[in-house]
Amino acid sequence: MKPKNYSPMEKPISVVTGKFRSGNNHSNVWFVVPLFIILCFILLCFDYSALYITDTEDAAYSSSDTTQKSVSRESTKEVNFSRLLDDPLPDSCSGRYIYLHDLPGRFNSDLLQSCSLITRGTENNICPYLKNFGFGPEIQDPDNVLLKESWFSTNQFMLEVIFHNKMKKYTCLTANSSLASAVFIPFYAGIDMSRYLWGFNISVRDSSSHELMDWLVKQREWSRMSGRDHFFVAGRIAWDFRRQTDNESDWGSKLRFLPGSQNMSMMSIESSSWNNDYAIPYPTCFHPSSVDEISEWQDRMRSQKREYLFAFAGAPRPEYKDSVRGKIIDECLESDDQCYLLDCNYGKVNCDNPVNVMKVFRNSVFCLQPPGDSYTRRSMFDSILAGCIPVFFHPGTAYAQYKWHLPKNHKTYSVYLPVKDVKEWDIKIKEKLLEISEERVVRLREEVIRLIPSVVYANPSYGSEGSEDAFELALKGMLEKIEQVREMMRQGKDGGEGFDDRDDYKYTFSPYEAQVLT
């Protein structure tokens, strides 16, 4: 018998079915109330948990695989409703992702396995220089001229090996090529060509270049921009890859004139006259593992006493009729105790040993940097490491080359004494350098020392912390160049317009006349 005041709406609710239960056990309501409170508490905790997961996922986002990042971001948005209306989180790698092609071993690793063949026909053994990421053996420095554990016997032609090893540690590598702003080709072009420089016909010298391009154009990454987002690094000067004829007696390979290769960019220790060749610094022997090591070395160079007005490390080049080196050596010898000459002729001194070179440069105010076998030379970067102000005689030695790494205003870090024709040599180097005020010398030296981080290839474990090394500056410059091409294509323009044009005025004196010492 039901009570008079009974109402169907007062039946208890079944937690399981959501329907009103029949029956007279009103005590069940005491079970429902605490259960409802518990459910509310769980929901409240779940909301805060979602916020916590979002933060940790965002932290992982910066270092995990690119694809996982995208998934993580989308799932975070679904869980945390409050972020649905927010802007996407900034991606520190946006515009900096690089895809590293996994080339067949014959284009890189196999070459190192057969390193004894790289310099056959010469007395040099390149194999020891492949140690330590391509830095070479550690330097023995009993006189404490250098910083311990940061200096190596680095071969100046090891750039492609060093760059590849640093690229493997690059923080913005991606396995998803569709996200990449650029594609890196780890082809050891210089090492490959070094095997065939003497005694081989042009078909042998060009064989690897043809094989590489045949492989690249078949990859799906090529079609996106016809290769104009691809780049590689060479450890020799660009001219070694621009043989313009098929005469057997001509030097080098034809890599950069192959149709596909003309669409790519190349970074090398010296550029050519073509727009898609870019110069980046020679590898020096200093490879710091931290910013503190760089700062310690900079402080040491600032406090260094310099006994000599100027110095020259090198040998004469009598086989080159336009070389100014003979004149420079003569002036140095005539300058009594104001010039420090390190004679590298016929192996008199081991000029590849940085201990010998640094002893000279760190004790000199100015370091003379004439052209060598080509426009450029590693010695200019050695002088920067030593805080020694470089003196240039031709714009092709630095000014027309390392535009991503050296200041545009050349007067801030160097002295320019142009020699257009050695037969008209009328420069009195000592007198010219003595005309420079002490105040300006101090400014020049400080700028040179400031440049040290930007011309060294740091250990792959190095964290730049705002002090970019030569590798990072090279990537920054290359990514900007590729983005300019990409922007042209977005605007419906031809991305190849001017891309591989030749600039016949690049190494002429006229663009740099305003930089002459006054």
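All residue numbers refer to position in the chain's written sequence, counted from 1. Selection of residues for local features in this predicted model requires a pLDDT of at least 70, selection of side-chain atom pairs for listing and counting requires 80 or more, and totals for whole chains, interfaces and linings are taken over all residues. Calculation of side-chain values draws on the structure's entire complement of heavy atoms; hydrogens and water are dropped beforehand.

Draft legend 1. Expanded view of the sheet that holds strand S7 (residues 339-343). Here five strands make up an open sheet; going across it, the order is S7-S6-S8-S9-S10 and the pairing parallel. The strands lining the two open edges of the sheet, one partner per strand, are S7 and strand S10 (415-416). Of the strand pairs in this sheet, strand S6 (residues 308-314) and strand S8 (residues 364-369) are connected by three bridges, and their pairing is parallel. Pairing of Ala-311 across the sheet is with Cys-367, part of S8. Against the sheet, helix H10 (residues 354-361) engages S6, S7 and S8, with an angle of about 165 degrees to S7. Along the sheet face, helix H13 (residues 438-450) touches S8, strand S9 (389-392) and S10 and points at about 100 degrees away from the line of S9. The pairing criterion for strands is at least two bridges between them, as found by DSSP. Only runs of H or I of at least four residues qualify as helices and only runs of E of at least two qualify as strands under DSSP, and these elements are numbered from the N terminus. Two residues form a contact once any of their heavy atoms are found within 4.5 Å. To get an axis, fit a line to the C-alpha atoms, keeping to the stretch in contact for a helix; angles then go from 0 to 180 degrees between the N-to-C directions.

Draft legend 2. Representation of the packing of helix H4 (residues 159-167) against helix H14 (residues 470-490) within the structure. Relative orientation of the contacting elements H4 and H14 amounts to 80 degrees, with a least axis distance of 11 Å. Considering the angle they form, H4 stands roughly perpendicular to H14. Residues Phe-163, Lys-166 and Met-167 of H4 pack against Phe-471, Ala-474 and Leu-475 of H14. Three residue categories are used. Nonpolar comprises Ala, Val, Leu, Ile, Met, Phe, Trp, Tyr, Cys and Pro, charged comprises Asp, Glu, Lys and Arg, and polar comprises the others, including Gly. Broken down by class, the residue content of the contact of H4 with H14 amounts to five nonpolar, no polar and one charged. Orientation is classified from the angle alone, with under 35 degrees giving roughly parallel, over 145 giving roughly antiparallel, 65 to 115 giving roughly perpendicular, and any other angle giving oblique.

Draft legend 3. Molecular detail of the pairing of S8. Of all six residues in S8, six are buried, a share of seventy percent or more. Summarising the sheet, S8 and S9 pair through four bridges and their orientation is parallel. The partner of Cys-367 across the bridge, within S9, is Pro-390. The handedness of a crossover follows from its direction of travel: if, with the strands pointing away from the viewer, the path from the first strand over the helix to the second runs clockwise, the crossover is right-handed. With helix H11 (residues 379-385) bridging S8 and its parallel neighbour S9, the resulting β-α-β unit is right-handed. Note on exposure labels: buried denotes an accessible area under 20% of the residue type's maximum, exposed denotes more than 50%, and partly exposed covers the range between, all computed with a 1.4 Å probe on protein chains only.

Draft legend 4. Representation of H10 within the structure. Summarising burial for H10: six of the eight residues are buried, a large majority. Of all the positions in H10, only Pro-354, Val-355, Val-357, Met-358, Val-360 and Phe-361 are classed as buried. Looking at the buried residues of H10, the elements they touch are helix H8 (291-302), S6, S7, S8 and H11. For this analysis, a polar contact is any N or O atom pair within 3.5 Å, provided that within protein one partner can donate a hydrogen and the other can accept it, and provided that sequence-adjacent residues contribute only side-chain to side-chain pairs. Measuring from the side-chain oxygen of the N-cap residue of H10 to the backbone nitrogen of Val-355 gives 2.9 Å; that N-cap residue is Asn-353.

Draft legend 5. Spotlight on the pairing of strand S3 (residues 230-234). Counting buried residues along S3, five of its five residues qualify, which places the element largely inside the surrounding structure. Both faces of S3 are covered, namely the face carrying His-230, Phe-232 and Ala-234 and the face carrying Phe-231 and Val-233. Alignment of strand S2 (residues 182-184) against S3, held across two bridges, turns out to be parallel. Directly across from Phe-184, in S3, lies its bridge partner Phe-231. As judged from the four bridges shared by S3 and strand S4 (residues 265-268), these two strands associate in the parallel manner. In the sheet register, Phe-232 faces S4, and the bridge partner there is Met-266.

Draft legend 6. Here's a closer look at the state of the cysteines. Cysteine sulfur atoms that come within 2.5 Å of each other are treated as a disulfide pair. A complete count under the given rule lists five disulfides for this structure. Each sulfur of the disulfide joining Cys-115 and Cys-127 lies 2.0 Å from the other. Between Cys-115 and Cys-127, the disulfide has an S-S torsion of 105 degrees and is therefore right-handed. With a gap of 12 residues between them, Cys-115 in the loop between helix H3 (109-113) and H4 and Cys-127 in the loop between H3 and H4 connect regions that are remote in the sequence.

Draft legend 7. Inspection of the pattern of salt bridges at higher detail. Here, a salt bridge means any side-chain nitrogen of Lys or Arg that lies within 4 Å of a carboxyl oxygen of Asp or Glu. Applying the stated rule across the entire model yields 20 salt bridges. Taking the shortest distance from any N to any O, the salt bridge between Asp-206 and Arg-243 comes out at 2.7 Å. Of this pair, Asp-206 sits in helix H6 (residues 202-216) while Arg-243 is found in the loop between S3 and S4, placing the two residues 37 residues apart along the sequence. Residue Glu-439 is joined to Arg-443 by a salt bridge in which the shortest nitrogen-to-oxygen separation is 3.7 Å. With Glu-439 and Arg-443 both in helix H13 and four residues apart, this pair spans about one turn of that helix. A single salt-bridge network, built from bridges that share partners, covers Asp-206, Arg-243, Asp-246 and Lys-254.

Draft legend 8. H14, seen in detail. Between its first and last C-alpha atoms H14 spans 30 Å; for 21 residues at 1.5 Å apiece the expected length is 30 Å, and the two agree. Buried residues of H14: Ala-470, Phe-471, Leu-473, Ala-474, Leu-475, Gly-477, Met-478, Leu-479, Ile-482, Val-485 and Arg-486, and no others. Two residues or fewer past H14, Gly-492 is found with a positive phi of approximately 80 degrees. Multiplying 1.5 Å by the helix residue count minus one yields the expected span of that helix.

Draft legend 9. Geometry of unusual backbone geometry. If you check the backbone angles, Ser-226 has positive phi at about 55 degrees while not being a glycine. You can see Ser-226 is positioned in the loop between helix H7 (220-225) and S3. At Asp-336, a position not held by glycine, the phi torsion is positive, near 55 degrees. Topologically, Asp-336 is positioned in the loop between helix H9 (325-334) and S7.

Draft legend 10. Main features of the packing of aromatic side chains. In this analysis, rings of Phe, Tyr and Trp, with Trp reduced to its six-membered ring, are considered paired at centre separations within 6.5 Å, and the interplanar angle assigns stacked below 30 degrees, edge-to-face beyond 60, and tilted for intermediate values. Under the defined criterion, the tally for this structure stands at 23 aromatic pairs. Ring geometry for Tyr-170 and Phe-471: centres 6.4 Å apart, planes at 75 degrees, overall edge-to-face. One end of the pair, Tyr-170, is in the loop between H4 and S2; the other, Phe-471, is in helix H14, and 301 residues separate them in sequence. The structure contains a cluster of three or more aromatic residues connected by ring pairs, namely Phe-163, Tyr-170, Phe-184, Phe-231 and Phe-471. Between the NZ or CZ atom of Arg-228 and the centre of the ring of Phe-499, over which it lies, the distance is 5.9 Å. Here, a charge over a ring is recorded when the distance from Lys NZ or Arg CZ to the ring centre is within 6 Å and its angle to the ring normal is within 35 degrees.

Any functional reading would require information beyond the geometric quantities listed.
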